[in-house]
Amino acid sequence: METTPHQNVTFPSAGGRAHGYLALPDAGRGPGVLVIQEWWGLTDHIRDVADRLAAEGFVALAPDLYGGSITHDGEEAAEMMSRLPEEEGVRLLAGSVDFLLGHEAATSSTAGAIGFCMGGGFVLALAADQGGRIGAAVPFYGVGQGVPDACHGVRAAVQGHYGREDSSYPVEKAQALEEQLRRESSAPVVEFHYYDAPHAFHNDRNRENHRPDAAAAAWERAVAFLREHVR
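Residues numbered from 1 in each chain as written. Predicted model: local features only at pLDDT ≥ 70, side-chain atom pairs only at ≥ 80, totals over all residues. Heavy atoms only, no water.

## Observations concerning the pattern of salt bridges
Turning to step 1, where the next piece is worked out: Overall, the coordinates contain seven salt bridges when judged by the stated rule.
Turning to step 2, where the next piece is worked out: A salt bridge links Glu79 to Arg83, with the shortest nitrogen-to-oxygen separation between them at 3.0 Å.
Turning to step 3, where the next piece is worked out: Exposure remark for Arg83: the relative accessible area of 54% places this residue in the exposed category.
Turning to step 4, where the next piece is worked out: With its nearest N and O atoms 3.0 Å apart, the salt bridge here joins Arg164 to Asp196. Remark: Asp196 occurs in the loop between strand S8 (190-195) and helix H6 (212-229) and Arg164 occurs in the loop between strand S7 (157-163) and helix H5 (171-184); sequence separation between them is 32 residues.
Turning to step 5, where the next piece is worked out: Each of Glu178, Glu179 and Arg182 takes part in salt bridges that share partners, so that together they form one network. (Salt bridge = Lys/Arg side-chain N within 4 Å of Asp/Glu carboxyl O. Buried < 20%, exposed > 50% of the residue type's maximum accessible area, 1.4 Å probe, protein only. Helix = DSSP H or I, 4+ residues; strand = E, 2+ residues; numbered from the N terminus.)

## Here's the deal with the packing of aromatic side chains
Centre distance and the angle of the planes are the two values used to describe a pair of aromatic rings.
Turning to step 1, where the next piece is worked out: Applying the stated criterion across every chain, the model contains 11 aromatic pairs.
Turning to step 2, where the next piece is worked out: Summarising the aromatic geometry, the rings of Phe140 and Phe201 are spaced 6.4 Å apart at their centres and angled 40 degrees between planes, so their arrangement reads as tilted. With Phe140 in strand S6 (residues 134-140) and Phe201 in the loop between S8 and H6, the pair connects residues that are 61 residues apart, well separated along the chain.
Turning to step 3, where the next piece is worked out: Relative accessible area serves as the criterion here: at 0%, Phe201 is assigned to the buried category.
Turning to step 4, where the next piece is worked out: Aromatic ring contacts, followed pair by pair, group Phe116, Phe140, Tyr141, Tyr195 and Phe201 into a single cluster.
Turning to step 5, where the next piece is worked out: For the cation-ring pair, Arg52 lies above Trp219, with the distance from its terminal atom to the ring centre recorded as 4.2 Å. (Phe/Tyr/Trp six-rings, centres within 6.5 Å; stacked < 30°, edge-to-face > 60°. Lys NZ or Arg CZ within 6 Å of the ring centre and 35° of its normal.)

On their own, these measurements won't tell you what the molecule is for.
This is how it looks when you write it as structure tokens:
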């Protein structure tokens with residue numbers, strides 16, 4: 001049966017049914033990568049990131065952690081994030097890993113995980129929970145739930161992207177997290193990049209914070225890193 005290259009999907013997760021957006025490469029098959037949303041929800045921007053990864057040859061799944069809710073209001077986004085306990089978010093993402101690696105289009109034995117803002121935190125929490133099932137963890141300015149207190153379970157290669165002008169997650173915290181990963185995790189690679197940019201600099205729908213040059217450099221690095229470590 002022919003599979004639609006871009007589709008909404010439903011799959012078992014956390015004892016129930018979860019939803020997400022799946023983008024397939026032109027070849028129809030490729031390494032699997034999870035795209036983990038910002039605190040706004042599964043927005044058009046996150047779907048676009050999945051599409052861009054598919055254009056690079058990946059099978060990209062963006063799970064919906066909010067069950068269909070989306071907002072563009074900061075206070076509402078903070079409230080929505082607060083209603084998603086870290087443990088529940090990780091369980092939902094673990095089910096997403098099961099679905100992705102079990103999909104007929106996925107050729108890799110491990111999954112990559114790339115996330116932004118809240119999703120950047122959940123990237124590391126998922127890597128700590130899933131161990132060797134995550135081949136590469138790529139947090140972009142991770143903040144909120146998911147930034148781990150301990151990194152002992154992380155076995156994925158880690159590449160972080162953080163802004164020196166980020167008031168939501170100051171660069172000193174990012175640098176401390178980098179050192180914590182080097183000290184505590186079993187990651188074969190820990191590689192952090194810092195940019196003269198604010199929070200959410202990669203989000204081209206955020207006109208105030210988007211920094212095209214930093215976003216382009218971070219994206220090129222992230223794609224190359226996923227290609228190298230997701231197999």
